[in-house]
Amino acid sequence: MFDKVLIANRGEIALRVVRACQELGIQAVAVYSDADSEALHVRHADEIYHLGPPPAKKSYLNVEALLQAAKETGADAIHPGYGFLAENAAFAKAVTDAGLAFIGPSAEAIDKMGNKSAARRIAEDADVPVVPGSDDVGSADEAVSTAAEIGYPVMVKAAAGGGGRGIRVAENKEELRKAVQVAKREAESAFGDGTLYLEKFLANPRHVEVQVMADHHGGAIHLFERECSMQRRHQKVLEEAPSPGISAEVREKMCEAAVRLAKNADYANAGTVEFLVEDDEFYFIEMNTRIQVEHPVTEMLTGVDLVKEQILIAAGEPLSVAQDEVPFVGHAMEFRINAEDPDNDFMPSPGEITFLEVPGGPGVRVDSAIYQGYKIPPFYDSMVGKLIVWALTREEAINRARRALKEYRLEGINTTIPLHLRLLDDKVFLSGDYHTGYLEELLKEG
Ligand code: MV4
């Protein structure tokens, strides 16, 4: 087992990993920028290392500084968290080349899944349904002839994109020619790779993802799904499990498909297989090769500590649970608390937390790295915490969430708490029958 793990991240996820290390008897090394010397992940760590100035490029994205930090502190592994370098294959490779363990999948797996069109081919190989579509299209002419086979509307996607970046919809061949031209140029400048592919455009799908976990001994399991359709501009607002929109039969098929994909790709560590769901059909779109923000939703239902499991797997341990031993009990929801003003187009709202009281009681979990008197720096992501609730039924979880969000007293900044309270009284959310376009429709209504 590792003696010391360096956490190449900040905020709530860095603190989450610190906690997992401490429970495993592993020393946790926090890194920090000049903007984060008073941050909670720094206060809770066993050892700290200063990286550099606030801009991420000079600190949390600075590979040289991170490797130097690991070397100087004598760490034997690095956990990347999410965001920053978590899905950077070159970083994973640099870590292992330096003789350290990377707590995540191999650089090869990150690289393979980072190309969304290659990931589609891997899914097809594993008999996992994909959205009707194409391989890479070399030209506008090729796109037009391929789209004639698929049928309009089609979606143009950048192979190097993902998470909503570099996508366009085309209703006919004129729009498609334009979309290909614009998307190619954008993808070249944003990702250094203008490769495009096409998919049939699904108008209002649900977004459901399956958590998988695989070890280095051929073991691979799923930990069921999370419903992630409540989103705005590709930023998830809340997540829940089980998905209220899928049947037991779809769940079983989708979860089995996710495991087949992980096994076929020789995948190790934590991963998330993303699907679009329409009626009773599901289609693979992407695989995320990191621990995700919403992982606590799965932890609440299964009892499996996903971050500990990641660390144990990276240290060579087999999976701690067998597939038929994974519980899936009750209902959980996660509410992302962002320092943003939902009444002012979600404008970032950094600054000092002048007063803070955090909810508690049965079935309530708060993963956050803020405290009263803490100044949220303006340099990083606006998510400052997550409220996760669990109860036996969806209805009880909703009532518990409403109660807990009302207990939250957070002053000095604007947050997304009022938006969550609104959603908890929204008929469509309460019905469970919502899709990826719903929140933006609701916000347009005012
Ligand atoms: C789609 C789609 C409809 N049809 N693909 C956006 C993010 C990226 N991960 C995939 N995305 C989509 N791909 C086809 N063929 C609609 C979306 C989409 C979406 C997907 C998941 C969650 C939120 C979304 C919001 C808008 C569009």
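Worth saying up front: this structure is predicted, and the values here are computed from it rather than measured. (Residues numbered from 1 in each chain as written. Predicted model: local features only at pLDDT ≥ 70, side-chain atom pairs only at ≥ 80, totals over all residues. Heavy atoms only, no water.)

J.: With reference to specific residues and values, describe helix α4 (residues 89-97).
T.: Restricting attention to buried positions, one finds in α4 the residues Ala-89, Phe-91, Ala-92 and Val-95. For α4, the arc enclosing every buried residue in end-on projection is 160 degrees, short of the 170-degree limit, so these residues lie on one face. For α4, the exposed residues lying more than 90 degrees away from the buried face are Ala-90 and Asp-97. Among the structural elements, α3 (63-73), β4 (77-79), β5 (101-102) and α5 (107-114) are those in contact with the buried residues of α4. (Buried < 20%, exposed > 50% of the residue type's maximum accessible area, 1.4 Å probe, protein only. Helix = DSSP H or I, 4+ residues; strand = E, 2+ residues; numbered from the N terminus. Arc of directions from axis to C-beta. Contact = heavy atoms within 4.5 Å.)

J.: Now, about empty space enclosed by the protein: what can you tell me, with residues and values included?
T.: Within the structure shown, the criterion is met by 1 cavity of 30 Å³ or more. In this structure, the largest cavity occupies an estimated 40 Å³ of space. Considered class by class, the residues forming the lining of the largest cavity number 6 nonpolar, 5 polar and 1 charged. If you count residues domain by domain, the lining of the largest cavity takes at least three from each of domain 1 (4-103) and domain 3 (206-445). (1 Å grid on protein atoms, 1.4 Å probe; cavity = no way out; pocket = protein on both sides within 12 Å on 5 of 7 lines; lining within 4 Å. Points joined across faces, edges and corners; volume = space filled by probe spheres on them. Nonpolar A, V, L, I, M, F, W, Y, C, P; charged D, E, K, R; others polar. Domains from an automatic or database assignment.)

J.: Provide a residue-level description of the site of the ligand, including the pertinent values.
T.: The ligand sits among 18 residues. The nearest are Lys-157, Glu-199, Lys-200, Leu-202 and Glu-286. A distance of 2.7 Å is found between a nitrogen atom of the ligand and a backbone nitrogen or oxygen belonging to Lys-200. Relative to its unbound accessible area of 520 Å², the ligand is 89% covered by the protein chains. When residues of the shell around the ligand are traced back to their parent elements, those giving at least two are β7 (154-162), β9 (196-200), β15 (269-278) and β16 (281-288). Per-domain counts for the shell around the ligand show at least three residues from each of domain 2 (132-200) and domain 3 (206-445). (Near = heavy atom within 4 Å. Polar contact = N/O pair within 3.5 Å; in protein donor to acceptor, adjacent residues only side chain to side chain. Areas by Shrake-Rupley, 256 points an atom, 1.4 Å probe, with all protein chains shown as cover.)

J.: Residues and numbers for the packing of α5 against helix α6 (residues 116-125), please.
T.: Axis separation between α5 and α6 bottoms out at 5 Å; the angle between their running directions is 100 degrees. Our classification of the angle between α5 and α6 gives roughly perpendicular. Between α5 and α6, the contacting residues are Lys-112, Met-113 and Gly-114 on the first element and Lys-116, Ala-118, Ala-119 and Ile-122 on the second. When its residues are assigned to classes, the contact of α5 with α6 shows 4 nonpolar, 1 polar and 2 charged. (Axes fitted to C-alpha atoms, helices over the stretch in contact; angles between N-to-C directions. Parallel < 35°, antiparallel > 145°, perpendicular 65-115°, else oblique.)

J.: Give me the lowdown on the environment of Leu-387, citing residues and values where you can.
T.: Within the element layout of this structure, Leu-387 appears in strand β24 (residues 383-391). Take Leu-387: its relative accessible area is 0%, and that puts it in the buried class. Sequence separation between Leu-387 and Ile-337 is 50 residues; the distance between their C-alpha atoms is 7.3 Å. The contact partners of Leu-387, leaving out residues within four places of it in the chain, are Met-333, Glu-334, Phe-335, Ile-337, Pro-359, Val-364, Arg-365, Val-366, Ala-401, Ala-404, Leu-405 and Tyr-408.

J.: Give a detailed account of the sheet that holds strand β2 (residues 27-33), specifying residues and quantitative values.
T.: Taken in spatial order, the 5 strands make up an open sheet running β3-β2-β1-β4-β5, and their pairing is parallel. Of all the strands in the sheet, the pair left with one neighbour each is β3 (47-52) and β5. (Pairing = 2+ DSSP bridges.)

J.: Now, about the domain arrangement of the protein chain: what can you tell me, with residues and values included?
T.: Interface size, as often reported, equals the accessible area lost upon joining of the parts. Examined at the domain level, the protein chain breaks down into domain 1 (4-103), domain 2 (132-200) and domain 3 (206-445). One C-alpha centre belongs to domain 1, the other to domain 3; they are set 23 Å apart. Between domain 1 and domain 3, the residue contacts involve 32 residues of the former and 29 residues of the latter. In total, domain 1 and domain 3 occlude about 2300 Å² of area from one another, counting both sides; carbon and sulfur atoms represent 63% of this. When the area that domain 1 buries against domain 3 is broken down by residue, the three leading residues are Glu-12, Arg-16 and Glu-87, summing to 26%. Here Glu-299 makes a salt bridge to Arg-16, at a shortest N to O gap of 2.7 Å. Applying the counting rule to domain 1 against domain 3 returns 12 residue pairs in polar contact (both at pLDDT 80 or more). The set of elements that each furnish at least two residues to the side of domain 1 that touches domain 3 consists of α1 (11-23) and α2 (40-44). Partitioned by chemical class, the residues of the side of domain 1 that touches domain 3 number 18 nonpolar, 6 polar and 8 charged. (Buried area = accessible area lost by both parts, 1.4 Å probe. Salt bridge = Lys/Arg side-chain N within 4 Å of Asp/Glu carboxyl O.)

J.: Which residues make up the environment of Gly-162, and what values go with them?
T.: Note on placement: Gly-162 falls in strand β7. Linking Gly-162 and Ile-221, residues 59 residues apart in sequence, is a C-alpha distance of 24 Å. When residues no more than four places from it in sequence are discounted, the contact partners of Gly-162 are Lys-116 and Glu-286.

J.: Please provide a residue-by-residue account of the layout of surface pockets, values included.
T.: Here the second largest pocket is characterised by a volume of approximately 200 Å³. Asp-341, Pro-342, Asp-343, Leu-410, Asn-414, Thr-415, Ile-417, Pro-418, Leu-419, Arg-422 and Leu-443 together form the lining of the second largest pocket. The leading source of residues in the lining of the second largest pocket is helix α13 (residues 417-423), at 4 residues. Grouping the constituent residues of the lining of the second largest pocket by class yields 6 nonpolar, 2 polar and 3 charged.

J.: Mind laying out unusual backbone geometry, listing which residues take part and the relevant values?
T.: Cis geometry is adopted by the peptide bond preceding Pro-153, which originates at Tyr-152 and carries an omega value of -5 degrees. Its location among the elements puts Pro-153 in the loop between α7 (140-150) and β7. For the peptide bond that leads from Ala-241 to Pro-242, omega is -5 degrees, which places it in the cis range. When you line up the elements, Pro-242 lands in the loop between β14 (238-241) and α9 (248-264). The residue Phe-346 is not glycine, and still its phi comes out positive at about 60 degrees. Mapping Phe-346 onto the fold places it in the loop between β18 (340-341) and β19 (347-348).

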